[in-house]
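Chain by chain, the residues:
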Amino acid sequence: MKSIEMIKVRSFSDLEKQKALEIFSTISIKNETQLLKIRVLQGQDMAMDFIVCLYWQESVRKKQHTISDRLIAALKNYGWISRSVWEPLSGMTVLNKEIN
């Protein structure tokens, strides 16, 4: 994994959050060969927030017009959107274990 891209949605209401999640479920990911995994997380303290985490095999900086562009365009009518990209710090050893 080279990058994790996070798209945070702060929905305007519970109804808008449900609509956004329905829209999210319709986005096609067929041609995203570098996409390893997608996870959707919700905020503990902010009931109307959720984050879509995209785990990429390569650096997002090198990609253009990814699924994130389509997601942002589709979700922007349902809340405030922010996007960030995270990459591992070089030389850092981390626990390589999935925690549920």
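Shown above is the structure to which this text applies.
Residues numbered from 1 in each chain as written. Predicted model: local features only at pLDDT ≥ 70, side-chain atom pairs only at ≥ 80, totals over all residues. Heavy atoms only, no water.

Student: Provide a residue-level description of the nonpolar core, including the pertinent values.
Tutor: Within the largest apolar cluster, 15 residues are counted, with the highest numbers of intra-cluster contacts made by V52, L54, W56, I67 and L71. Within the residue set of this core, elements represented by two or more residues are β1 (3–11), α1 (14–24), β3 (49–56) and α2 (67–75). The dominant element in this core, judged by the number of residues it contributes, is β3, at four residues. (Core = buried A, V, L, I, M, F, W, Y, C linked by side-chain atoms within 4.5 Å. Buried < 20%, exposed > 50% of the residue type's maximum accessible area, 1.4 Å probe, protein only. Helix = DSSP H or I, 4+ residues; strand = E, 2+ residues; numbered from the N terminus.)

Student: Help me get a handle on the pattern of salt bridges, residues and values and all.
Tutor: Taken as a whole and assessed by the stated rule, the structure comprises five salt bridges. Residue D49 pairs with K8 through a salt bridge whose shortest N-O separation is 3.8 Å. Placement of the pair is D49 in strand β3 and K8 in strand β1, with a sequence separation of 41 residues. Of the charged contacts, one joins R10 and D49 as a salt bridge, the two residues approaching to 2.7 Å between their closest N and O atoms. You can see R10 sitting in strand β1 and its partner D49 sitting in strand β3, a full 39 residues away along the chain. (Salt bridge = Lys/Arg side-chain N within 4 Å of Asp/Glu carboxyl O.)

Student: Help me get a handle on the packing of aromatic side chains, residues and values and all.
Tutor: A full pass over the atoms with the stated rule returns one aromatic pair. Here the aromatic rings of F12 and W80 are separated by 5.1 Å at their centres, their planes lie at 80°, and the arrangement is edge-to-face. Highlighted residues: F12 in the loop between β1 and α1 and W80 in strand β4 (residues 79–86), separated in sequence by 68 residues. We classify W80 as exposed; its relative accessible area is 58%. If you follow K37 out to its NZ or CZ, it ends over the ring of Y55, 4.7 Å from the centre. (Phe/Tyr/Trp six-rings, centres within 6.5 Å; stacked < 30°, edge-to-face > 60°. Lys NZ or Arg CZ within 6 Å of the ring centre and 35° of its normal.)

Student: Describe the pairing of β3, and please don't skip the residues or the numbers.
Tutor: Within β3, seven of the eight residues are buried, which leaves the element mostly enclosed by the surrounding structure. Bridge count for β1 against β3 is eight bridges, and the pairing is antiparallel. Pairing of I4 across the sheet is with Y55, part of β3. Of the pairings in the sheet, the one linking strand β2 (residues 35–42) to β3 comprises seven bridges and is antiparallel in character. Each residue of the ladder has a partner; that of Q42, found in β3, is F50. What sits between the antiparallel neighbours β2 and β3 is a turn of six residues. (Pairing = 2+ DSSP bridges.)

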